[in-house]
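What follows is the residue order along each chain.
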Amino acid sequence: LPCQMLGRLGKRAADHASNNWGWYLLCGGGGSFGNYIYCNFATSKRRTTLLGAVEKRLPVNSDELLELRSVNEIHAAALLDVERALIAGRRKIAVDGEVALGELLEALPRLLGREIAEGYGVERMLAAISDNGRARLRVAEAIASLMFISIDSVGERLGGIYSAYSHELQGEGVPLAQARKLVEALLATGQVPLEKRVVEVKRPFYLPNEWEELTADAVMARIPPEDVQDDALSESAFKRFLCSDLVCIWGECYRIAEEAERKKAIELEADRKVNPPWWAFWRSAQPASAEAAAAAE
């Protein structure tokens, strides 16, 4: 008897489905589309919420970084001179390569020979990497964190960061441990673009994705193995690492991507002029000049 009842129920359900398959299809498609819209909205909202929380903790924003650079005519060499004076000068104040926040803030104008305009921004940045002055600062890390203020080119600023660690280098390159500390400092001082500071965590397609704040450990875990030699980054690999999508210091990864796109577009246009596509039969390759023909011969 139970088997007969189940058989009748199954047949009735099958008949209902076959007679109303259009409604099932419509409801299923509508539900899937509604869930897709919900997941996109929820994922975007979670990202926006996390970005807002991260931004509130930053000591300065990107506009303030640019303003600090524009109102202070400080060169990378001057900052490296400050580092040398702190570590090995006649009036050195660093002990074992470390200095207190108050001592550094007091020594900076004296060693630079000028007051830092809008210095409250620099003070907030240094406080962010010293636990608001409760922890002593590594001099190399502090100077590297201040290299953004240099009015020199990007290449010279990157060279200044590498040189800031020169007295701590063991062999060739910056040790991974020091590179990790630098990434932590760049994140804490707001020198990594805000949109690069959150990472999407994929979930099943029917659930909204989560977002996590970028950490120095996550960055270091993604360094290409071929760039690491003896647990260190060479000067070229170190600079490439800072400008890559992993760190994107001062937003340099965007500039590099734009230059690559522009170069690709120029090369593509030049190739089309020489080898037009088959459908562009009205175009013809430019005849070679007499000089080019002579060179070819």
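Relevant structure appears above.
Sequence order as written defines the numbering, with residues in each chain counted from 1. Where local features are concerned, this predicted model is filtered to residues with pLDDT of at least 70; where side-chain atom pairs are given and counted, the filter is 80 or more; whole-chain, interface and lining totals use all residues. Note that the side-chain values use all heavy atoms of the structure and ignore hydrogens as well as water.

(A) Focus on the nonpolar core. Definition of nonpolar core: a set of buried residues of the types Ala, Val, Leu, Ile, Met, Phe, Trp, Tyr and Cys, connected through side-chain atoms within 4.5 Å. Buried, partly exposed and exposed residues are distinguished by accessible area as a fraction of the type maximum, computed with a 1.4 Å probe on protein chains only: under 20%, between the cut-offs, and over 50%, respectively. Among the nonpolar cores identified, the biggest contains 60 residues, and L126, I161, F241, L242, V247 and I249 are the most heavily contacted of them. Should any heavy atoms of two residues lie within 4.5 Å, those residues are counted as being in contact. Apart from residues lying up to four places away in sequence, F241 is in contact with V183, V219, M220, I223, L233, L246 and V247.

(B) Focus on helix α8 (residues 154-164). Helix and strand labels come from DSSP, where a helix needs a run of H or I of at least four residues and a strand needs a run of E of at least two; each type is numbered from the N terminus. Along α8, the positions that sit buried rather than exposed are R157, L158, G159, G160, I161, Y162 and A164. As for α8, its buried residues are in contact with α3 (62-71), α4 (76-88), α7 (139-146), β3 (174-175), α9 (176-188) and α11 (235-243).

(C) Region of interest: the layout of surface pockets. Estimates place the volume of the largest pocket at around 320 Å³. In this analysis a 1.4 Å probe is tested at points of a 1 Å grid over the protein atoms alone, and where it fits but cannot get out there is a cavity; an open set with protein on both sides within 12 Å along at least five of seven lines is a pocket; lining residues have an atom within 4 Å of a point. Along the wall of the largest pocket there are 19 residues; nearest its centre are N61, S62, L65, G190 and P193. Ranked by residues supplied to the lining of the largest pocket, first place goes to α3 with 4 residues. Think of it as three bins: nonpolar holds Ala, Val, Leu, Ile, Met, Phe, Trp, Tyr, Cys and Pro, charged holds Asp, Glu, Lys and Arg, and polar takes everything else, Gly as well. Of the residues contributing to the lining of the largest pocket, the split by class is 9 nonpolar, 5 polar and 5 charged. Grid points are joined across faces, edges and corners, and a volume is the space filled by probe spheres set on the points.

(D) Representation of empty space enclosed by the protein within the structure. Counted by the stated rule, this structure contains 1 cavity of 30 Å³ or more. In this structure, the largest cavity occupies an estimated 40 Å³ of space. Partitioned by chemical class, the residues of the lining of the largest cavity number 8 nonpolar, no polar and no charged.

(E) Focus on α11. Burial in α11 covers these residues: A237, F238, F241, L242 and C243. If you follow the buried residues of α11, they end up packed against α8, β3, α9, α10 (216-221), β6 (232-233) and α12 (252-274).

(F) Fine view of the packing of aromatic side chains. Here is the rule: rings of Phe, Tyr and Trp (six-membered ring for Trp) pair when centre to centre is within 6.5 Å. Planes less than 30 degrees apart are stacked, more than 60 are edge-to-face, and the remainder are tilted. Applying the stated criterion across every chain, the model contains 2 aromatic pairs. Arranged with centres 5.9 Å apart and planes meeting at 55°, the rings of Y162 and F238 form a pair that is tilted. Of the two residues, Y162 is situated in helix α8 and F238 in helix α11; the sequence distance between them amounts to 76 residues. Taken individually, Y162 and F238 each receive the classification buried, so the pair is uniform in this respect. Ring centres 5.3 Å apart and planes at 85° place the aromatic pair F205 and Y206 in the edge-to-face group.

(G) Molecular detail of the side chain of D152. As for its position among the elements, D152 is in the loop between α7 and α8. Charge counting follows a simple rule: Lys and Arg are positive, Asp and Glu are negative, and His as well as the terminal groups are ignored. Salt bridge, as used here: a side-chain nitrogen of Lys or Arg that lies within 4 Å of a carboxyl oxygen of Asp or Glu. Among buried charged residues, D152 stands out as having no salt bridge; its nearest opposite-charge side chain is R157, 7.5 Å away. Once residues lying within four places of it in the same chain are set aside, the contact partners of D152 are H75, A76 and R157.

(H) Representation of the packing of α8 against α11 within the structure. Angles shown run from 0 to 180 degrees and are taken between the N-to-C directions of axes, each axis being a line fitted to C-alpha atoms and, for helices, limited to the stretch in contact. Packing of α8 against α11 brings their axes to within 10 Å, and their N-to-C directions diverge by 120°. Like other packed secondary-structure pairs, α8 and α11 cross with a definite hand, here right-handed. Here G155, L158, G159, I161 and Y162 of α8 lie close against α11, whose contacting residues are E235, F238, K239, L242 and C243. Taken together, the residues of the contact of α8 with α11 sort by class into 6 nonpolar, 2 polar and 2 charged. Here a crossing is called left-handed whenever its near helix is offset anticlockwise from the far helix by less than a right angle, and right-handed whenever the offset is clockwise.

(I) Summary view of the pattern of salt bridges. Evaluation of the coordinates by the stated rule reveals 17 salt bridges. Across the salt bridge formed by E98 and R136, the nearest N and O atoms sit 4.0 Å from each other. Placement of E98 in strand β1 (residues 98-99) and of R136 in the loop between α6 (119-128) and β2 (137-138) is noted, with a sequence separation of 38 residues between them. Salt-bridge contacts for R203 lead to E210; the nearest nitrogen and oxygen are separated by 3.3 Å.

(J) The arrangement of the packing of α4 against helix α5 (residues 101-112) in detail. Where α4 meets α5, the closest approach of the two axes is 10 Å, and the angle between their N-to-C directions is 120°. Considering the angle they form, α4 stands oblique to α5. For α4 against α5, the interelement crossing comes out right-handed. Across from A78, L79, V82, A85 and L86 in α4, the residues of α5 making contact are L104, A107, L108, L111 and L112. The class makeup of the residues in the contact of α4 with α5 is 10 nonpolar, no polar and no charged. To sort the angles, those under 35 degrees are grouped as roughly parallel, those over 145 as roughly antiparallel, those from 65 to 115 as roughly perpendicular, and the leftovers as oblique.

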